[in-house]
Amino acid sequence: VQLQASGGGLVPAGDSLRLSCAASGRTFSRQTIGWFRRAPGKEREFVAAIRLSGGSIYYSDSVRGRFTISGDNAKNTVYLLMNSLRPEDTAVYYCAADAAIGLSTIRLSRSYAYWGQGTLVTVSS
């Protein structure tokens, strides 16, 4: 599976952005796709994930209620709609994929075998 993340940019606080993660490969619909982010000077952290087979969705507490993850199997693409952006959301956002992730490890970056290159989101105050 090859992943391409896009959609980052510079926006003022309170604005919205939609990130896209386009995937290649015939097994897309069986994947779990996760979004992670790494802010300057911080560890990479889990943001959201979606199981494309079944549709289960998971969010971190810091983005729940503001971010929405969704998938389009026909387009082999997962989206992350980010509303009410805050300066602390500034980070490089990565999408990742794997076909065999248990519930207890879905928020762990080491559970994902395939990674995109990242897209920078900068939120100004």
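Residues numbered from 1 in each chain as written. Predicted model: local features only at pLDDT ≥ 70, side-chain atom pairs only at ≥ 80, totals over all residues. Heavy atoms only, no water.

Caption draft 1: Highlighting the overall build of the protein chain. Within the protein chain, the regular secondary structure consists of zero helices and eleven strands. Along the chain direction, N to C, the helices and strands of the protein chain fall in the order β-β-β-β-β-β-β-β-β-β-β. Relative to a compact globule of 125 residues, whose C-alpha radius of gyration would be 14 Å, the protein chain shows 13 Å and is just as compact. Here the C-alpha coordinates of the protein chain stretch approximately 40 × 30 × 25 Å along the principal axes. Looking at the protein chain residue by residue over its 125 residues, the buried ones come to 44%. Within the protein chain, residue pairs in contact and separated by at least 24 positions form 58% of the contacts whose partners lie at least 6 positions apart. Accessible surface, the protein chain: about 6300 Å² in total, of which carbon and sulfur atoms supply 47%. If you average the places of the 14 positive and of the 8 negative side-chain charges in the protein chain, the two averages end up 6 Å apart. (Helix = DSSP H or I, 4+ residues; strand = E, 2+ residues; numbered from the N terminus. Rg over C-alpha atoms; globule rule 2.2 N^0.38 Å. Buried < 20%, exposed > 50% of the residue type's maximum accessible area, 1.4 Å probe, protein only. Contact = heavy atoms within 4.5 Å. Areas by Shrake-Rupley, 256 points an atom, 1.4 Å probe, with all protein chains shown as cover. Lys, Arg positive; Asp, Glu negative; His and termini not counted. Charge placed at Lys NZ, Arg CZ, Asp CG, Glu CD.)

Caption draft 2: View of the nonpolar core. Counting 29 residues, the largest nonpolar core has Trp35, Val78, Leu80, Met82 and Tyr93 as the members making the most contacts within it. When contributions to this core are tallied by element, the ones reaching two or more residues are β1 (2–6), β3 (17–24), β4 (32–38), β5 (44–51), β7 (67–72), β8 (77–82), β9 (91–98) and β11 (119–124). If we skip the residues at most four places from it in the chain, Val78 touches Leu19, Ser20, Cys21, Phe28, Ile33, Trp35, Ile50, Leu52, Ile69, Ser70 and Gly71. Within the second largest apolar cluster, eight residues are counted, among which are Phe36, Phe46, Ala49 and Tyr112. (Core = buried A, V, L, I, M, F, W, Y, C linked by side-chain atoms within 4.5 Å.)

Caption draft 3: Spatial organisation of the state of the cysteines. Within this structure, the stated rule accounts for one disulfide. Put simply, Cys21 and Cys95 are joined by a disulfide, and their sulfur atoms are 2.2 Å apart. Between Cys21 and Cys95, the S-S torsion sits near 75 degrees, and that sign places the bridge as right-handed. Placement of the pair is Cys21 in strand β3 and Cys95 in strand β9, with a sequence separation of 74 residues. An identical accessibility class is assigned to Cys21 and Cys95; each is buried. (Disulfide = S-S within 2.5 Å.)

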